[in-house]
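# Chain and residue survey
What follows is the residue order along each chain.
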Amino acid sequence: MSPAQLIQQMNQAASPLSAQQVSDLQKLVSTLDPIQQAWISGYLAASANAGSPSNQVAGIASQATEASVLTILYGSQTGNAKGVANQLKAQAESRGLAVKLVNMADFKPNQLKKEKFIAIAVSTYGEGEPPEDAENLHEFLSSKKAPKLDGVKVAVIGLGDSSYEFFCQTAIDFEEKLTALGAQAIVPRAELDVDYDDAAAIWISSAVDAFEPDLKASQQSGQVAPVAGTSVSAQTSQYSKKNPFAAELSVVQKITGRDSTKDVRHVEISLEDSGITYQTGDALGVYFLNDENLVDELLKQVELTGTENVTLGNETLSVRQALIEKLELTQSYPGFVEKYAQATNNAELLKIAEDKAALREYIEARQIFDVIAQNPAKLDAQVLVDCARKLQARLYSIASSQTEVEEEVHLTVGLVAFDAFDSEHLGGCSGYLARRAEEGASVKVFVEHNDNFRLPSDDNTPMIMVGPGTGIAPFRAFLQERDARGSEGKNWLFFGNPNFTQDFLYQVEVQGYVKSGLLTNVDLAFSRDQAEKIYVQDRLREQGAGVFAWLEQGAHFYVCGDANHMAKDVHQVLLDIVKAHGGKNDEQAEQYLKDLRSTNRYQKDVY
């Protein structure tokens, strides 16, 4: 039973709580996400069975700081590393070990010197960069303040995408930095690709095996029991990445003009009868179907009928069904080229696969459909599917507030389309949603919670939102939520795209929020509407004095969109604003932004 249901029962029955206590409890629960609610449920149940809640809280707090606890630190950009960390926690607890699970953003670096057993689960994004929540700890480990870690045992698991040059670089960095400080790596570091589930399970078992003897010996000598009631793996919904909900695709509507250089779709998906809940700032994972026509062409190129049976995990199905529903065929990656080259004994591909730089250049221009089309060969069906990796859901920032749309979820999807090898190529999921899926179709989805991109807890707090292009999506959700709450906080939106007449996404809604007063300020940057290209970072610089004044008033600053260019340019402009209008030097400005990040007042949702 969830805390919300518990409170409802209190209101319906004779409650031992006063009316004020029930009211206070309701207010608390309304601020909690589903994971926090699940923790509260477990904690209340445990409290009822194990004596005074206050004593238990004190026990948990003291146990969690003992050296005989396995501290699991995770840094996660899209939720995958967090999921692995939860799996590690669950397995360690199942063996009676004391565990403390902490987001790196919430971990005080000075605590490191008190730890004896540390597991790291961390992703890598961009050009080998740490995720947002891992930045401070990553930097701290290279600073003069980092403590000696002699006698500390560590284990590191990294998640990444082998399509990128700096594959799992953040995990490599963490292990190298920790061991340089004296820590001992007790299991080989894992560097896992996007299809990581099986390999992660194997690594988790080996890591727990390695930690268990010393942890149990330490716990017995210190008489420390496992840390109870701190699991965050529980979900209020039964649906997840591994068990997605088959939802109905309700609306797919183009929201860019006929002459736009972009094709952006507003997508509405029904969550009716799912019990799925989400918060503004969360993402929706969407599984898609590969293009059937392209799959049929591929089958001809490898001389298969499509009816041949293959095995994927524990499932047996036709190779055609596997290619349409289960395997990655649009995003290229080195592993496929290497395996396909060996399977077909293709001399040219084998030569390319030997040179990492040449291999990355080769896959940059090609989808897997292209690799096979340009290198056709008769192939056994099972060998073909063994070359490929499992299809991965695509994550989209949610563009709606559930308070507003109830059993729906909205997305803002930009179609990925480009010409190559004399044909139009489409992105896997965006092509499916924008071109092939019909309204009413079933689409498998799940919610990926993102606690690093949240509205201020105080509705009176000002917000500055920078979201060009489809980066406006979460800010549409933020504004819907603030409107529904009747929030008094000021809101400032920076939005940009190529042309005003063709690309002003959600223009009517934005203008409505300006008219109602919800949007205090809006600054627009339509880059192609004048001779000189103007971007959101340029508008930000123009409004520097006002932006800094808002920050000094406690405003939260949000950025959503392209990580490699826009977000970096916005960050640099923000530094310049702090220096120019705050009278600070380079070092002081950097520290100003670090302080904003550490207090969750500077948050990014970038990709």
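Residues numbered from 1 in each chain as written. Predicted model: local features only at pLDDT ≥ 70, side-chain atom pairs only at ≥ 80, totals over all residues. Heavy atoms only, no water.

## What about the overall build of the protein?
As a reminder, the rule being used: Helix and strand definitions follow DSSP, with helices as H or I runs of at least four residues and strands as E runs of at least two, each counted in order from the N terminus. Buried, partly exposed and exposed residues are distinguished by accessible area as a fraction of the type maximum, computed with a 1.4 Å probe on protein chains only: under 20%, between the cut-offs, and over 50%, respectively. Only heavy atoms enter the contact rule, under which two residues are in contact if any of them lie within 4.5 Å. Here the accessible surface of atoms and residues is derived via Shrake-Rupley with a 1.4 Å probe, and residues count as covered only by protein chains that are part of the display.
Looking only at helices and strands, the protein features 24 helices and 21 strands. Within the protein, the proportion of its 607 residues that are buried is 52%. When contacts within the protein are restricted to residue pairs at least 6 apart in sequence, long-range pairs at least 24 apart make up 76% of them. For the protein, the exposed area adds up to about 27400 Å²; of that, 48% sits on carbon and sulfur atoms.

## Considering the sheet that holds strand β17 (residues 463–466)
As a general point, the strands of a sheet are linked pairwise by backbone hydrogen bonds and lie either parallel or antiparallel. Stated formally: Whether two strands pair comes down to DSSP finding at least two bridges between them. Here the axes come from fitting lines to C-alpha atoms, over the contacting stretch only for helices, and the angles between their N-to-C directions go from 0 to 180 degrees.
One open sheet accounts for five strands, arranged β19-β18-β17-β20-β21; its pairing is parallel. A strand with exactly one partner marks an edge of an open sheet, and here the two such strands are β19 (521–526) and β21 (602–606). The mean inter-strand angle of the sheet, taken between neighbouring strand axes irrespective of direction, is 10°.

## Some details on the side chain of E268
Defined as follows: The term polar contact refers here to a pair of N or O atoms within 3.5 Å; inside protein, the definition further demands a hydrogen-donor-capable atom paired with an acceptor-capable atom, and it admits residues adjacent in sequence only when both atoms are side-chain atoms.
Locating E268 in the fold gives a position in strand β8 (residues 264–270). Within polar-contact distance, the side chain of E268 engages the side chain of H266 at 2.8 Å.

## What to know about the packing of helix α11 (residues 334–344) against helix α12 (residues 347–354)
Note the threshold: Two helices that cross are described as forming a left-handed crossing if the nearer one is turned anticlockwise from the farther one by less than a right angle, and a right-handed crossing if clockwise. Residue classes follow a fixed rule: Ala, Val, Leu, Ile, Met, Phe, Trp, Tyr, Cys and Pro count as nonpolar, while Asp, Glu, Lys and Arg count as charged, and any other residue, Gly among them, counts as polar.
Their axes nearest at 8 Å, the elements α11 and α12 cross at an angle of 145°. Crossing handedness for the pair α11 and α12: left-handed. Two secondary-structure elements touch here, α11 through V337, E338, Y340, A341 and Q342 and α12 through L349, L350 and A353. When the residues that make up the contact of α11 with α12 are grouped by side-chain class, the tally is six nonpolar, one polar and one charged.

## Focus on the pairing of strand β4 (residues 153–159)
The buried fraction of β4 amounts to seven of the seven residues, a majority that puts the element mostly inside the structure. Side chains K153, A155, I157 and L159 of β4 all project onto a buried face; the interleaved residues V154, V156 and G158 project onto the opposite face, where all are buried too. Across seven bridges, strand β3 (residues 117–123) lies against β4 in parallel orientation. Its bridge partner lying in β4, S123 is registered against L159.

## A look at the packing of helix α23 (residues 566–582) against helix α24 (residues 586–598)
Two numbers describe how α23 lies on α24: the axes approach to 9 Å, and their chain directions differ by 115°. α23 and α24 meet at a crossing whose hand is right-handed. Judged by residue contacts, H571, L574, L575, V578 and K579 of α23 engage D586, A589, E590, Y592, L593 and R597 from α24. A class-by-class count of the residues in the contact of α23 with α24 yields six nonpolar, one polar and four charged.

## Regarding the nonpolar core
This is how it is decided: Grouping buried Ala, Val, Leu, Ile, Met, Phe, Trp, Tyr and Cys residues that are joined through side-chain atoms within 4.5 Å yields what is termed a nonpolar core.
In terms of nonpolar packing, the biggest core is built from 34 residues, with V319, L323, F336, Y340 and L384 touching the most fellow members. Only α9 (292–301), α10 (319–325), α11, α12, α13 (356–364), α14 (368–374) and α15 (381–387) provide two or more residues apiece to this core. Those residues in contact with L323, other than ones at most four positions away along the chain, are N290, V295, L298, L299, L329 and L384. Core analysis: the next-biggest nonpolar cluster, separate from the first, contains 31 residues, A525, F548, W550 and V570 among them.

## Description of the sheet that holds strand β7 (residues 245–254)
Ordered in space as β12-β9-β16-β7-β8-β13, the six strands form an open sheet in which the pairing is antiparallel. Two strands lie at the open edges of the sheet, namely β12 (394–397) and β13 (408–414), each paired on one side alone. Each adjacent strand pair in this sheet contributes to an overall mean axis angle of 40°, direction not counted.

## Describing the environment of Q603
Here Q603 lies in strand β21. With residues up to four places along the chain from it excluded, the contact list for Q603 reads N452, F453, R454, F557, Y558 and V559. Within the structure, Q603 has its side chain in polar contact with the backbone nitrogen of R454 (distance 2.8 Å). Only 2.7 Å separates the side chain of Q603 from the backbone oxygen of N600, close enough to count as a polar contact.

## A few points about the side chain of T124
Here T124 is to be found in the loop between β3 and α6 (135–140). Here Q169 takes part through its backbone nitrogen, which lies 3.3 Å from a polar atom of the side chain of T124. A polar contact of 2.9 Å, which involves the side chain of T124, links it to the backbone nitrogen of T170. Setting aside residues up to four positions removed in sequence, T124 forms contacts with E129, L159, F166, C168, Q169, T170 and A171.

## Some remarks on the environment of T520
By the element assignment, T520 lies in the loop between α20 (507–516) and β19. Distance from T520 to M463, taken between C-alpha atoms, is 9.8 Å for residues 57 residues apart in sequence. When sequence neighbours within four positions are dropped, the list of residues in contact with T520 reads K490, N491 and W550.

## Concerning the packing of aromatic side chains
Which entries qualify depends on this criterion: In this scheme Phe, Tyr and Trp rings, the latter by its six-membered ring, pair at centre separations within 6.5 Å, and the angle between planes marks the pair as stacked below 30 degrees, edge-to-face above 60, and tilted otherwise.
On inspection of all chains with the given rule, the structure shows 20 aromatic pairs. A centroid spacing of 5.9 Å and a plane angle of 45° characterise the contact between Y287 and F446, whose relative ring orientation is tilted. Of the two residues, Y287 sits in the loop between β9 (283–286) and α9 while F446 sits in strand β16 (residues 442–448), which places them 159 residues apart along the sequence. In this pair, the class of Y287 matches that of F446, namely buried.

## Details of unusual backbone geometry
In this structure, F421 takes a positive phi of about 55° despite not being glycine. By the secondary structure assignment, F421 is in the loop between β14 (417–420) and β15 (423–426). Phi is positive for D422, close to 65°, though the residue is something other than glycine.

## A closer look at a negative patch on the surface
So the rule is basically this: Put simply, a patch holds well-exposed residues, over 30% relative accessible area, that have no salt bridge, with like charges counted together within 9 Å and Val, Leu, Ile, Met, Phe, Trp or Tyr side chains within 5 Å. Every case where a carboxyl oxygen of Asp or Glu lies within 4 Å of a side-chain nitrogen of Lys or Arg is listed as a salt bridge. His residues and chain termini do not enter the charge count, which takes Lys and Arg as positive and Asp and Glu as negative. In this description, the location of a charge corresponds to atom NZ of lysine, CZ of arginine, CG of aspartate or CD of glutamate.
A contiguous patch of negative charge on the surface is contributed by E248, E272, D273, E404, E406, E407 and D483. Within the secondary structure, E407 is located in the loop between α16 (402–405) and β13. Taking the relative accessible area as the measure of exposure, E407 reaches 43% and is therefore partly exposed.

## Re α13
Our working definition: Throughout, the arc means the angular range of directions from the helix axis out to the C-beta atoms.
Taken as a whole, α13 has its buried residues at L359, Y362 and I363. For α13, the angular spread of buried residues about the axis comes to 90°, placing them on one side. More than 90 degrees from the buried face of α13, the exposed residues found are A357, E361 and E364. Buried residues along α13 sit against α11, α12 and α14. The distance from a side-chain oxygen at the start of α13 to the backbone nitrogen of A357 is 3.0 Å, and the residue carrying that oxygen is D355.

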